[in-house]
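# Structure at a glance
Letter by letter, the chains look like this.
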Amino acid sequence: AQSVTQLGSHVSVSEGALVLLRCNYSSSVPPYLFWYVQYPNQGLQLLLKYTSAATLVKGINGFEAEFKKSETSFHLTKPSAHMSDAAEYFCAVAYYNQGGKLIFGQGTELSVKP
Amino acid sequence: DTAVSQTPKYLVTQMGNDKSIKCEQNLGHDTMYWYKQDSKKFLKIMFSYNNKELIINETVPNRFSPKSPDKAHLNLHINSLELGDSAVYFCASSQVEDSSGANVLTFGAGSRLTVL
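Residues numbered from 1 in each chain as written. Chains lettered and ligands numbered in written order. Predicted model: local features only at pLDDT ≥ 70, side-chain atom pairs only at ≥ 80, totals over all residues. Heavy atoms only, no water.

## As for the overall build of chain A
What counts is decided by this rule: The numbering of helices and of strands both runs from the N terminus, where a helix is a DSSP run of H or I of at least 4 residues and a strand a run of E of at least 2. The globule rule is 2.2 Å times the number of residues to the power 0.38, and the radius of gyration it is compared with is taken over C-alpha atoms. Two residues form a contact once any of their heavy atoms are found within 4.5 Å. Note on areas: Shrake-Rupley, 1.4 Å probe, and residue coverage restricted to the protein chains presented here. Here the positive residues are Lys and Arg and the negative ones are Asp and Glu; neither His nor the chain ends is included. Charge positions are represented by NZ for Lys, CZ for Arg, CG for Asp and CD for Glu.
Check the secondary structure of chain A and you find zero helices and twelve strands. For chain A, the succession of helices and strands along the chain, N to C, is β-β-β-β-β-β-β-β-β-β-β-β. Taking 114 residues into account, the globule formula puts the C-alpha radius of gyration at 13 Å, and chain A, at 14 Å, falls close to it. Overall, the C-alpha framework of chain A stretches about 45 × 30 × 20 Å when taken along its three principal axes. Sequence-distant contacts, at least 24 apart, represent 56% of the contacts inside chain A between residues at least 6 apart. Accessible surface, chain A as shown: approximately 5300 Å² in total, 51% of it carbon and sulfur. Across chain A, the centroid of the 8 positively charged side chains sits 7 Å from that of the 7 negatively charged ones.

As structure tokens, then:
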């Protein structure tokens, strides 16, 4: 079955510290992979995507993610957290010829302490 | 100029009522979606339309009926509302990226439905 697991429903970091949000997928074929961010009372905004080109993907706001097929992972990182990064982060997968259907992980709430 | 717009943003209603949420996109995308986000923030696809044709229906109760009058609009009508329908409903649209075959979704701001 195709699924996405985000380890940790809540992650707290200090301002300036490394951000690491974990995502693992489960499927026999490599999917398209996405990270979306949701700020309070807003819709989802695309941070970055992996679509079988470079395995290290750079996104907006200084975020990046690396696709590791051997680990079936697509973890999201940012070297230095900013207060404005506090939000809910969703990892999602999609597969070729499935009409763009996104399967989301459970989400990880990122808190940034001053 | 909002790319994917939903109305209303907030909707409070009584059990048993019928309500609609409207969605419009001005991106020229061919595919539109409805997603439901529950109280634990879990997101799940409900429906998808491509050029007014239903292509995804994820075992949603028959009380939910999507309608797409044209490829820029996808409305969601809900009959006989139940307490469990309380959620945030997100509309999205997408276009297949030529180079990879991936659809990249653009989401609306959401419509928060509260059933009392």
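## A short note on the interface of chain B and chain A
Applied cut-off: Here the quantity called buried area is the total loss of accessible area, with a 1.4 Å probe, experienced by two parts when brought into contact, counted for both. Salt bridges are defined as contacts in which a side-chain nitrogen from Lys or Arg sits within 4 Å of a carboxyl oxygen from Asp or Glu. We call two N or O atoms a polar contact when they sit within 3.5 Å, provided that within protein one can donate a hydrogen and the other can accept it, with sequence-adjacent residues counted only if both atoms are side-chain atoms. Gly counts as polar in this scheme, as do all residues outside two lists: the nonpolar Ala, Val, Leu, Ile, Met, Phe, Trp, Tyr, Cys and Pro, and the charged Asp, Glu, Lys and Arg.
Listed by partner, the interface residues are 26 residues for chain B and 22 residues for chain A. Summed over both partners, the interface of chain B with chain A buries about 1800 Å², with 58% contributed by carbon and sulfur atoms. Between chain B and chain A we count two salt bridges in total. The interface formed by chain B and chain A includes four residue pairs in polar contact (both at pLDDT 80 or more). Secondary structure elements with two or more residues in the side of chain B that touches chain A: β4 (31–37), β5 (43–50), β6 (53–57) and β10 (103–107) of chain B. Of the residues contributing to the side of chain B that touches chain A, the split by class is 13 nonpolar, seven polar and six charged.

## So, the sheet that holds strand β1 (residues 4–7) of chain B
All names here are of chain B. Applied cut-off: In this description, strands pair whenever DSSP reports at least two bridges between them. The angle between two axes is taken between their N-to-C directions and runs from 0 to 180 degrees, where each axis is a line fitted to C-alpha atoms and a helix contributes only its stretch in contact.
A sheet is described by the order of its strands in space; here four strands give the open sequence β1-β3-β8-β7, paired in antiparallel fashion. The open sheet has two edge strands, β1 and β7 (64–70), and neither has a second partner. Going from strand to strand, the sheet's axes swing by 20° on average, the running direction of each strand aside. Sheet topology places β1 next to strand β3 (residues 19–25); four bridges connect them, and they run antiparallel. Residue pairing across strands places valine 4 opposite glutamine 25, the latter belonging to β3.

## Focus on the pairing of strand β12 (residues 108–113) of chain A
All names here are of chain A. Operational definition: Relative accessibility thresholds used throughout: buried, under 20% of the residue-type maximum; exposed, over 50%; partly exposed, between the two (1.4 Å probe, protein chains only).
Here β12 shows one buried face, formed by Thr108, Leu110 and Val112, and one open face, formed by Glu109, Ser111 and Lys113. Bridge analysis of strand β2 (residues 10–14) against β12 gives five bridges, and the strand direction is parallel. Its bridge partner lying in β12, serine 12 is registered against serine 111. Pairing of strand β10 (residues 87–94) with β12 involves three bridges; the strand directions are antiparallel. Bridging from a neighbouring strand, glutamate 88 pairs with glutamate 109 of β12.

## Some thoughts on the packing of aromatic side chains
Operational definition: What counts as a ring pair is set by centres within 6.5 Å for rings of Phe, Tyr and Trp (its six-membered ring), and what kind of pair is set by the plane angle: stacked under 30 degrees, edge-to-face over 60, tilted for all other angles.
Enumeration according to the criterion identifies 14 aromatic pairs over all chains in this entry. With 6.3 Å between their ring centres and 35° between their planes, phenylalanine 64 of chain B and tyrosine 89 of chain B make a pair best called tilted. Highlighted residues: phenylalanine 64 of chain B in strand β7 and tyrosine 89 of chain B in strand β9 (residues 87–96), separated in sequence by 25 residues. The exposure class of tyrosine 89 of chain B is buried, given its relative accessible area of 0%. Members of the aromatic cluster, joined through ring pairs, are Phe34, Tyr36, Phe90 and Phe104 of chain A together with Tyr33, Tyr35, Phe90 and Phe107 of chain B.

## Considerations on the confidence of the model for chain A
For clarity, the threshold we go by: The score called pLDDT rates the predictor's confidence residue by residue, from a low of 0 to a high of 100.
Looking at chain A, the pLDDT average stands at 92 and 100% of residues meet or exceed 70. Per-element confidence in chain A is highest for strand β3 (residues 19–21) of chain A, whose mean pLDDT is 98, and lowest for strand β1 (residues 3–5) of chain A, whose mean pLDDT is 92.

## A look at the state of the cysteines
Residue and element names in this part refer to chain B. Put simply, the rule is: Note on terminology: pairs of cysteine sulfur atoms within 2.5 Å are recorded as disulfides.
As enumerated under the stated definition, the model contains two disulfides over all chains in all. Paired by a disulfide, cysteine 23 and cysteine 91 hold their sulfur atoms 1.9 Å apart. Torsion about the S-S bond of the cysteine 23 and cysteine 91 cystine: about -80°, corresponding to left-handed handedness. Of this pair, cysteine 23 sits in strand β3 while cysteine 91 sits in strand β9, and the two are 68 residues apart along the sequence. Exposure class is identical for cysteine 23 and cysteine 91. Each is buried.

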